[in-house]
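# Fold and geometry: a report
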Amino acid sequence: MLFAGVTLCLTALLILFMSPAQAQQAKKETLRDQVNPKTGDALDPWFGGNWQVGAFGGVSNNPYRGTDDVELGLLPIVAYDSERMHIGADGIDIKFFKNDVFSASVIGALRMEPFDNGDGNYLRGMEERDMAFEAGIGFSADIWRGSLITNYLTDVNDAHDGHQVDMSYVVPEQWGDVGFSWGGGVTWQSDKLVDYMVGVRRKEVRSDRAYYAPDAAFIPHIDFTVTYPLTEQIMLIGTHGFQYLPDQYTDSPIIDEDYVFSAGIGLVYSF
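Residues numbered from 1 in each chain as written. Predicted model: local features only at pLDDT ≥ 70, side-chain atom pairs only at ≥ 80, totals over all residues. Heavy atoms only, no water.

Looking now at the confidence of the model for the protein chain. Per-chain confidence: the protein chain averages 87 in pLDDT, with 84% of residues scoring 70 or above. Low pLDDT (under 50) marks residues 1-22, which in the prediction has 64 contacts with non-local residues, meaning those over four places away or in another chain. (pLDDT = per-residue confidence, 0-100. Contact = heavy atoms within 4.5 Å.)

As structure tokens, then:
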């Protein structure tokens, strides 16, 4: 079983490319539930939780024109996780309402800069995008075999002044000690957020890079996660996903792919 768990997690890394730069909130929430053993004080849903530390690495194809085909990343994992509260490097999730089938949360997350104008000659002259601090609300409802998860995020530091809504359906599975989740959904991004990601402003125009002001976009996605406990406190995790980029993205002169394929693997120690 150990071999099966390790093989499944490594397969997620080898056959797909790292979780898209802006991983869906639903995927993060599902992975937290799989990783957190919820062995804290059940009488204290706020402060009877666990601390988690670790590292997560991954690879993805880079859809931006003129950049390296493959992008590598390594992120630290530092978080506090209880039944009603998650605070970590991947964001915050504070459940202000929860019953057996439904929960409502205040959520927050960082959105890293979509590209670096030093990544290739074609992006030179593009304005640097600032990191975005986003906040909003999230809802989760148990329906049939899985959970319907809906989240709304908006920019709070004027990095892009846009909005995002994601709706996903996620199904958890268990095979011995190995935990799975699979699902998919669609993400809506406002025109200002899409412009932040792939727009070309007038001051960024040059002879081979035309002005581009995109409309709002719907981005379908498919997601898969797998977890395997190496010990009572150490968890091996793997993720992969696929995003299909719509015309609002692919019509941009700085984009030359119509998808993002991703995978990642990591270790988490809980105490």
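On to the pattern of salt bridges, then. By the definition in use, this model includes nine salt bridges. For aspartate 93, the salt bridge identified is with lysine 95, shortest N-O distance 3.5 Å. There is no split in this pair, since aspartate 93 and lysine 95 are both buried. For the salt bridge of glutamate 134 with arginine 111, the shortest nitrogen-to-oxygen distance reads 2.6 Å. One end of the pair, glutamate 134, is in strand β6 (residues 132-143); the other, arginine 111, is in strand β5 (residues 102-111), with 23 residues separating them in the sequence. Arginine 111 carries the same exposure label as glutamate 134, and that label is buried. In the salt-bridge network here, residues are joined through shared partners; they are Glu127, Asp195, Arg201 and Lys203. (Salt bridge = Lys/Arg side-chain N within 4 Å of Asp/Glu carboxyl O. Buried < 20%, exposed > 50% of the residue type's maximum accessible area, 1.4 Å probe, protein only. Helix = DSSP H or I, 4+ residues; strand = E, 2+ residues; numbered from the N terminus.)

With respect to the helices and strands, arginine 129 occurs in the loop between β5 and β6. In this structure the side chain of arginine 129 is engaged in a polar contact, spanning 3.1 Å, whose partner is the backbone oxygen of glutamate 127. At 3.0 Å, the side chain of arginine 129 and the backbone oxygen of glycine 199 are in polar contact. Not counting residues up to four positions away in its chain, the partners in contact with arginine 129 are Glu113, Pro114, Phe115, Asp195, Tyr196, Gly199, Arg201 and Glu204. (Polar contact = N/O pair within 3.5 Å; in protein donor to acceptor, adjacent residues only side chain to side chain.)

Turning next to the sheet that holds strand β9 (residues 178-189). Across a sheet, strands are paired by hydrogen bonds formed along the backbone, either parallel or antiparallel in direction. Spatially, 12 strands are ordered β1-β2-β3-β4-β5-β6-β7-β8-β9-β10-β11-β12 in a closed barrel, and the strand pairing comes out antiparallel. Sheet twist, expressed as the average angle between the axes of neighbouring strands with direction ignored, equals 20°. Bridge analysis of strand β3 (residues 85-88) against strand β4 (residues 91-98) gives four bridges, and the strand direction is antiparallel. When the bridges of β4 are listed, methionine 85 appears paired with isoleucine 94. Its contacts with the sheet put helix α3 (residues 191-198) on β5, β6, β8 (163-175), β9 and β10 (217-229), and the angle it makes with β9 is roughly 105°. (Pairing = 2+ DSSP bridges. Axes fitted to C-alpha atoms, helices over the stretch in contact; angles between N-to-C directions.)

Let us look at the environment of lysine 192. With respect to the secondary-structure elements, lysine 192 resides in helix α3. Note: C-alpha distance between lysine 192 and proline 214 (22 residues apart in sequence) is 8.2 Å. Those residues within four positions of lysine 192 in sequence are excluded, and the remaining contacts are His160, Asp161 and Gly162.

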